[in-house]
Amino acid sequence: MDGVVWFGILGPLEVTASGRPVTVAGRSQRELLAVLLLRANRPVEVDFMIDSLWPGRSPPSARRQIQNSIGRLRRTLVAGGVPATTLETRRGGYLLRVLPGELDALSFARHVESGRRLAADGRADDAAARLRAALALWRGRPLAELDSPVAVAQARRLLEDRTAVLEECVALELRLGRHHEVMGDLKTLVEEHPLRERPRALLMTALHRAGRTAEALEEYRRARATFVTELGLEPGAELRDLQRAILTGALDAPPAPRADRARPRQLLPDITDFTGREDLADRLETLLRTAGTATGVVVAAVAGQAGVGKTALATHVAHRVSASFPDGQLYVDLGGGQARPAEPVEVLARFLRALGAHGQEIPPGLAERAEQYRSAVAGLRMLVVLDNAVDEAQLRPLLPGTPGCAVLVTSRSRLAGLPGMILVELGVLEGGQAVDLLARIVGTGRVEAEADAARDLARLCGHLPLALRIAGARLATRPDWPLAELVRRLADERRRLDELTYGDLEVRAGLSFSHARLSAASRRLFHLLGHLYAPEFASWVCAALLDTTTDGIGPLLDELVAAQLLQPSGTGRARYRLHDLVRLFARGSGSEDPRPAIARALGGWLALTERAHIAVSGGDFATLHSDAPRWTAGLPDLPADPLAWYDLERLNLMTAVHQAAAAGLDELCWDLVASGYTLFLTRGHNDDWEETLRAALACTRLAGNARGTATMLMGLGLLGTYRHDYAGAAEALEESMRLFREIGERQGLVYALGVAAHVDGMLGRYDHAVALHEEALEVHRASGDLGAEVLLLRSLGQLLVEIGRLEHARPHLERALLAGRDGDRRVHAEVLYWLGQLHLAAAEVGPAESAFKEMLAIAEDLADPREEAEARYGLGLVRLNTGALGAAAGLFRQALALNRPLGEPLTEGLIRTALGILHCRNGQPRQAIGHLTEAAGIFDAIGIPLWSGRAYRALADAHEAHGDRTAADAARKRALTLFTSVGAPEAADIAGPDADRPP
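Residues numbered from 1 in each chain as written. Predicted model: local features only at pLDDT ≥ 70, side-chain atom pairs only at ≥ 80, totals over all residues. Heavy atoms only, no water.

### Here we look at the overall build of the chain
When you go through the chain residue by residue, the secondary structure sums to 44 helices and 16 strands. Principal axes of the C-alpha set define a box for the chain whose edges measure 110 × 75 × 65 Å. A burial count over the chain gives 55% of its 999 residues as buried. When the accessible surface of the chain is totalled, it reaches about 41,200 Å², and 52% of it is carbon and sulfur. When the 115 basic and 127 acidic side-chain charges of the chain are each reduced to a single mean position, those positions are 5 Å apart. (Helix = DSSP H or I, 4+ residues; strand = E, 2+ residues; numbered from the N terminus. Buried < 20%, exposed > 50% of the residue type's maximum accessible area, 1.4 Å probe, protein only. Areas by Shrake-Rupley, 256 points an atom, 1.4 Å probe, with all protein chains shown as cover. Lys, Arg positive; Asp, Glu negative; His and termini not counted. Charge placed at Lys NZ, Arg CZ, Asp CG, Glu CD.)

### With respect to the pairing of strand β6 (residues 93–96)
Side chains Gly93 and Leu95 project from β6 onto one buried face, and the interleaved Tyr94 and Leu96 project onto a second face that is buried too. Pairing analysis gives two bridges linking strand β4 (residues 44–45) to β6, with the strands arranged antiparallel. Each bridged residue has a counterpart across the sheet, and for Glu45 the counterpart in β6 is Gly93. Relative to β6, strand β5 (residues 87–90) runs antiparallel, the two being bridged by four bridges. Bridging across to β6, Thr89 finds its partner in Tyr94. (Pairing = 2+ DSSP bridges.)

### Details of the environment of Phe979
Within the secondary structure, Phe979 sits in helix α44 (residues 965–982). Separated by 43 residues in sequence, Phe979 and Ala936 have C-alpha atoms that sit 14 Å apart. Setting aside anything within four residues of it in sequence, one finds Phe979 in contact with Leu946, Gly949, Arg950, Arg953, Ala984, Glu986, Ala987 and Ile990. (Contact = heavy atoms within 4.5 Å.)

### Examining a nonpolar patch on the surface
Among the surface-exposed residues, Leu195, Leu231 and Leu233 lie close enough to one another that they form a single nonpolar patch of about 270 Å² accessible area. Its location among the elements puts Leu233 in the loop between α9 (213–231) and α10 (237–248). (Patch = residues over 30% accessible without salt bridge, like charges linked within 9 Å, V, L, I, M, F, W, Y side chains within 5 Å. Salt bridge = Lys/Arg side-chain N within 4 Å of Asp/Glu carboxyl O.)

### Some details on the sheet that holds strand β3 (residues 20–21)
Read from one edge to the other, the open sheet built from three strands follows the order β1-β2-β3, with strand pairing classed as antiparallel. The open sheet is flanked by β1 (5–8) and β3, the only strands paired with a single partner.

### Some details on the pairing of strand β2 (residues 14–17)
Here β1 pairs with β2 via four bridges, running antiparallel. Directly across from Phe7, in β2, lies its bridge partner Val15. Connecting β1 to the antiparallel partner β2 that follows it, the hairpin turn spans five residues, and Gly11 within it adopts a positive phi of roughly 145 degrees. When β2 meets β3, the two strands line up antiparallel, connected through two bridges. When the bridges of β3 are listed, Ala17 appears paired with Arg20.

### A look at the environment of Trp138
Among the secondary structure elements, Trp138 is positioned in the loop between α5 (124–135) and α6 (149–175). Trp138 sits in the buried class, given a relative accessible area of 12%. A sequence separation of 252 residues divides Trp138 from Val390, and the C-alpha atoms of the two residues are 44 Å apart. Contact partners of Trp138, with chain neighbours within four places excluded, come to Leu10, Phe108, Leu158, Leu159 and Arg162.

### As for the confidence of the model for the chain
As a general rule, the predicted coordinates of low-pLDDT regions are not to be interpreted in detail. Mean pLDDT over the chain works out to 85, with 95% of the residues at or above the 70 mark. Predicted confidence in the chain is weakest over strand β13 (residues 505–506), with a mean pLDDT of 74, and strongest over helix α30 (residues 686–703), with 95. Ignoring residues within four places in sequence, the model shows residues 253–260, a span with pLDDT below 50, making six contacts including any to other chains. This stretch, residues 991–999, has a pLDDT under 50; its non-local contacts, to residues over four places away or in other chains, come to 26 contacts. (pLDDT = per-residue confidence, 0-100.)

### Structural notes on unusual backbone geometry
Even without glycine at this site, His724 takes up a positive phi of about 65 degrees. Looking at where His724 falls in the secondary structure, it is placed in the loop between α31 (706–723) and α32 (726–743).

### Notes on the nonpolar core
Residues Leu529, Trp605, Trp689 and Phe892 are the most contacted members of the largest nonpolar core, which totals 225 residues. Of all hydrophobic cores here, the second largest spans 76 residues; its members include Leu32, Val35, Val112 and Ala210. (Core = buried A, V, L, I, M, F, W, Y, C linked by side-chain atoms within 4.5 Å.)

### A closer look at the pattern of salt bridges
This structure, assessed with the given rule, holds 67 salt bridges. Residue Arg455 is joined to Asp452 by a salt bridge in which the shortest nitrogen-to-oxygen separation is 2.3 Å. Of this pair, Arg455 and Asp452 both sit in helix α18 (residues 451–460), three residues apart, roughly one helical turn. With a relative accessible area of 37%, Arg455 lands in the partly exposed category. Linking Arg630 and Asp671 is a salt bridge whose minimum nitrogen-to-oxygen distance equals 2.7 Å.

### A look at the sheet that holds strand β8 (residues 329–333)
Within the open sheet, the five strands sit side by side as β8-β9-β10-β7-β11. Their pairing is parallel. Edge positions in the sheet fall to β8 and β11 (422–425), since each of these pairs with one other strand and no more. Between one strand and the next, the sheet's axes are offset by a mean angle of 15 degrees, whatever the strand orientation. Pairing of strand β9 (residues 383–389) with strand β10 (residues 406–411) involves five bridges; the strand directions are parallel. (Axes fitted to C-alpha atoms, helices over the stretch in contact; angles between N-to-C directions.)

### Points about the packing of helix α23 (residues 520–529) against helix α26 (residues 580–587)
For the pair α23 and α26, interaxial distance at closest approach is 7 Å and the crossing angle is 115 degrees. Here α26 runs roughly perpendicular to α23, going by the angle between their axes. As for the relative orientation of α23 and α26, their crossing is left-handed in sense. Contact residues: α23 offers Phe526, His527 and Leu529, while α26 offers Val582, Arg583, Phe585, Ala586 and Arg587. (Parallel < 35°, antiparallel > 145°, perpendicular 65-115°, else oblique. Left-handed = near helix turned anticlockwise from the far one by under 90°.)

### What to know about the packing of aromatic side chains
Across all of its chains, the model carries 10 aromatic pairs by this definition. Centre to centre, the rings of Phe526 and Phe585 are 6.2 Å apart; their planes meet at 45 degrees, and the pair counts as tilted. Of the two residues, Phe526 is situated in helix α23 and Phe585 in helix α26; the sequence distance between them amounts to 59 residues. We note that Phe526, like Phe585, is buried. (Phe/Tyr/Trp six-rings, centres within 6.5 Å; stacked < 30°, edge-to-face > 60°.)

### Re the packing of helix α27 (residues 595–617) against helix α29 (residues 666–683)
The contact between α27 and α29 brings their axes to 9 Å, and the two run at 35 degrees. Regarding α27 and α29, the two cross each other, and that crossing is left-handed. Contact residues: Ala599, Leu602, Gly603, Trp605, Leu606, Thr609, Glu610, Ala612, His613, Val616 and Ser617 in α27; Leu668, Asp671, Leu672, Ser675, Gly676, Tyr677, Thr678, Leu679 and Thr682 in α29. Split into classes, the residues belonging to the contact of α27 with α29 amount to 10 nonpolar, eight polar and two charged. (Nonpolar A, V, L, I, M, F, W, Y, C, P; charged D, E, K, R; others polar.)

### Quick word on the side chain of Glu31
Counting through the fold element by element, Glu31 comes out in helix α1 (residues 27–38). Dropping the residues within four chain positions of it, Glu31 is found in contact with Leu53, Leu146, Asp147, Ser148 and Ala151.

### Details of α6
Its 27 residues give α6 an end-to-end C-alpha distance of 39 Å, which sits within 8% of 39 Å, the value for a rise of 1.5 Å per residue. The positive-phi residue at the C-terminal boundary of α6 is Gly177, with phi of around 80 degrees. (Expected span 1.5 Å × (residues − 1).)

### Re the environment of Glu559
Position of Glu559 relative to the elements: it lies in helix α25 (residues 553–562). In this structure, the C-alpha to C-alpha distance between Glu559 and Ala628, residues 69 residues apart in sequence, is 33 Å. Beyond its immediate sequence surroundings of up to four residues, Glu559 is in contact with Arg517, Leu518, Ser519 and Ser522.

### Some words on α44
Along its 18 residues, α44 runs 26 Å from first to last C-alpha, staying within 8% of the 26 Å computed at 1.5 Å per residue. Looking one or two residues beyond α44, the residue adopting positive phi is Gly983, at roughly 70 degrees.

Structure follows, in structure tokens:
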């Protein structure tokens, strides 16, 4: 090893410092170290690490676990003698920095690249020695002890590289006459890779040149039998030709290389500041290097929009693999972004001249030139880079016809019509990569000094490499400008494309060429899409913009996608998106007033949201609507799973609210929020719900829309109950009720009164809460709203159960149960929950269990984790009451796990209170104290005195059982104070024998 520190992945994972091993213990640390080493000297995003350690589904604490494991790994390495600067924290991830000679895989790659350059220069002996040095670094299977998908996949890739290098090395040594020395390697290769033709061919050659011709022919017979049995195929042309050459005596000596052959070197200069794309570059490199063993021409294509960096990636990869193509590299810009693309007949003439043809030797016609070109490169190892291709017709005459060659294509079109071609889609850079590219252009110090401005600049450039290069070039020529100055200039959307110009570089130019080739209908759709806020959209949205059906939309979308002006979303569904800079270009590409089209699209989202709300609730219950027009002419049917539709459309619904607000469509705006509240609640997306509520509230206040304002205030009050911000909820509901009374909106007043009554109950204002319920029920009798009746009866029943008035609660809950069986299923589940709690409090265990089980079935069918957590908590209470403590503990743990991603404090406090009581009954007071202390803290924080008192009462019993009378007295005193403050009946029997009664 060349340095003090050495990392090894070409075998089991190893680390040494100053010659001494450094032990990295623990699976997560070793997996993370492997990921960092596999991408050494490159930033590794935390998201990539999470996917590596937990493929498929990661735990909610994944980021924290990564941070903790990285911290332990850093301490382990430093303690072992590895410099602290080796493992760096970077934007959004980490980077493990190694010097030359400190990582065996990098040393291997360096030796291989050097060997290939030597081979290309005709120095076969030196080349073989360098390749042997590379192979000597291997110690076994890479990362043999790790089994993560990333480690397994990368180990497979590294082994494939080793096999390819060993084949190259043996082929060189055969040319040098070392057929005896390579025999063992070749036999091992054939055993390990019985279906690879190249090792078979090399072994046959070595055997024949060692005077063992019969064995060489026997090897061919074995190969043929294997291929026919395993693949149902005859051996390829290389093996068949080799057998024929051995039989005819044509393979007596290595072929002498032609000294007079032209070897063109036409590649563009490599990209010195190439940034990001490492995975794609590795993939393309691996693919192109297979040209030496493939049975046909290897063709890879890179597709992407204008300015995304296709040429830069292709050029960089071409230089990385150039040594594998010693017979030359051809390059041509086919002009796919220009008014007059290159003609294949002209390109072939250029290629033929580069390959040594002159004047009259080049035929005049396309077909004849293509034939001569294929003949000229037959049997050669040639790389052909075809940049900016228009379509398959332009490419076909330019493809070699025999194995050994590789073709790398770039195009704005997704070229799928060439047989055997591998297509790579190139998107914009990731956030950290975009900032790194800026740093390479303008200097790291300048970017680090204005880190926030650099991130803003990268975002305003849409992470598009061309835009970033233009911005970087402008900053490089203006060292007096802070980055914030260019950020300020780009922040104005109307001038952003004007600012992204430097010399002959311009973002708008590439987009203009693609736009000019569109049909009139596609140009109109493109212009309207530019005014849409939605981050991605389905085809029906385009139909709404054009006010038509979806029947004729497909061809227009295909045209926009083919022009790289519209991108498939990449979700596997028929959804599309616009790049930010493309969106700005689209807005200025037409003159049609977009407002009617946008209103139709928003009306479509309103119609679908209303349908989803009804499907989830089982009806349109407890919801006010506006008279905003719905667009339904080309709407698709709602999927069978409305919540899956919501998951897909959630961001669109939020942006639709904001766009409606910006457009002054106040009726549509508040109705979108009102129709979506069931969806937000079911999925626990409280932050999204609040954001849309406040946006719609601002819109309705500005428009003087009292009904919409009152409805949004009621929504904020309801949200406050879920967030346990009862003071804020009460304030919003007071204004809501006032507005509803002023405009005579009875139905809205019923809803607001019901929520306000619940708030008063949670604050311990029981008499006022009952009075509000009674007022709401009286108003309800005039409105006849079944949904409101069920909500009110459930809320009043809940209140009476909580304060111990069971017989008063029973008729209300039973009436709510009967009236709500065909109503909102989520509300029906809540009725069942409180009936279950009533039955438990009345020692009716059987009916309680039935209620909670029915609730659980509804929750699972709705896929509602909040309701499921409460149902499992209720069943746990049933088991606790019957003494089945093990089953109860299991149900409580399941409820906690369901509640954890929701962050619902009331539910967590209830579950932890029950767990505390369970541990106390199980003779485990220490565990009980832990749960109950946490529960009491939760209830104190959210301001629910009744439940705080119950947690402290149980905590007193736990301290008593633990022998701490002082702590027990303090907890009991606190409970008594809380019960007294709200007039709870528990104040009278605080020291009674039922103090550990479960909640």
